[in-house]
Amino acid sequence: MTSYDVVGSVTDADTREVWPVYDGVFGDHSDHESWRTQVWDRHAEREGFRLARAYDAGALVGFAYGYTGERGQWWTDQAARVLDPVVSQEWLGGHFELVSIGVVPTARSRGVGGALLDVLTGGLPHERWVLMTTADADDPARHLYARKGWEVIGPGLSDDQVIMGRRSG
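Residues numbered from 1 in each chain as written. Predicted model: local features only at pLDDT ≥ 70, side-chain atom pairs only at ≥ 80, totals over all residues. Heavy atoms only, no water.

Colleague: Teacher, can you tell me more about the pattern of salt bridges here?
Modeller: Under the criterion given, the structure shown has 9 salt bridges. One salt bridge connects D12 with R16, and the closest N-O pair in it is separated by 2.0 Å. Of this pair, D12 and R16 both sit in helix 1 (residues 12–25), 4 residues apart, which is roughly one turn of that helix. In this structure, D14 engages R53 in a salt bridge whose closest nitrogen and oxygen atoms are separated by 2.8 Å. One end of the pair, D14, is in helix 1; the other, R53, is in strand 2 (residues 50–56), with 39 residues separating them in the sequence. Owing to a relative accessible area of 7%, R53 belongs among the buried residues under this scheme. Each of D5, D14, E17 and R53 takes part in a single network of salt bridges with overlapping partners. (Salt bridge = Lys/Arg side-chain N within 4 Å of Asp/Glu carboxyl O. Helix = DSSP H or I, 4+ residues; strand = E, 2+ residues; numbered from the N terminus. Buried < 20%, exposed > 50% of the residue type's maximum accessible area, 1.4 Å probe, protein only.)

Right, here's the structure in full:
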C-alpha cells in the first residue's frame, strides 16, 4: 500500500532520499551535487516550498514539489515573456509553481502521480497554480493534469512545451 506525506521544509536526509528518484526519472543533472546547488537548494528555500512524497513498503517511489512563484524569479520572468500579457498579469506572481512530479517506473500507472498532485496541492493558500509540461497532448502527464482540472494557458519556454494553470478549489 502506498503512503503519502507532505513537508514544508527539507533536511539533508530528505534531499539525499529524493535525489535517486529525481535522477532516475529525469536524469538531467550529472551528479547529486550539481542538482543540489543549481536547483534543489534554491527551490527548497523559496517561500511556500512544499514536498510531497510517496512510499511503497518504506521506499520512496515518487515525489512532487513546488513553491510560491513570484516576479523576479527566473521561471516566472521567462513565462511572463512568452505568455500573452493579459494572461501573464492574471496568472503570474503569488501563484503556486509546480516544479516537478517524478514517479519511478515500477510505481507508474497506479495512481501515484495523481495522488502526489492531490497531496501537494491540498490546502494550498494560492488561488492560482501554474506549471510547464510537454506540448504533446498524448503524453500521460498532460492527461493527468487535464483530469485534475489544469488547462493550457499559453506556450512554454520552447516549442515542445506549454504552460498550464489551474485555479484552486
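Now that the structure is up, let's keep going.
Colleague: Help me understand the packing of aromatic side chains, please; the structure alone is not making it clear to me.
Modeller: Describing an aromatic ring pair means giving the distance of the ring centres and the angle of the ring planes. Tallied over the full model, the rule gives 12 aromatic pairs. Here the aromatic rings of W19 and W35 are separated by 5.2 Å at their centres, their planes lie at 40 degrees, and the arrangement is tilted. On the criterion of sequence distance, the pair formed by W19 in helix 1 and W35 in helix 2 (residues 32–44) is long-range, its members being 16 residues apart. Taken individually, W19 and W35 each receive the classification buried, so the pair is uniform in this respect. (Phe/Tyr/Trp six-rings, centres within 6.5 Å; stacked < 30°, edge-to-face > 60°.)

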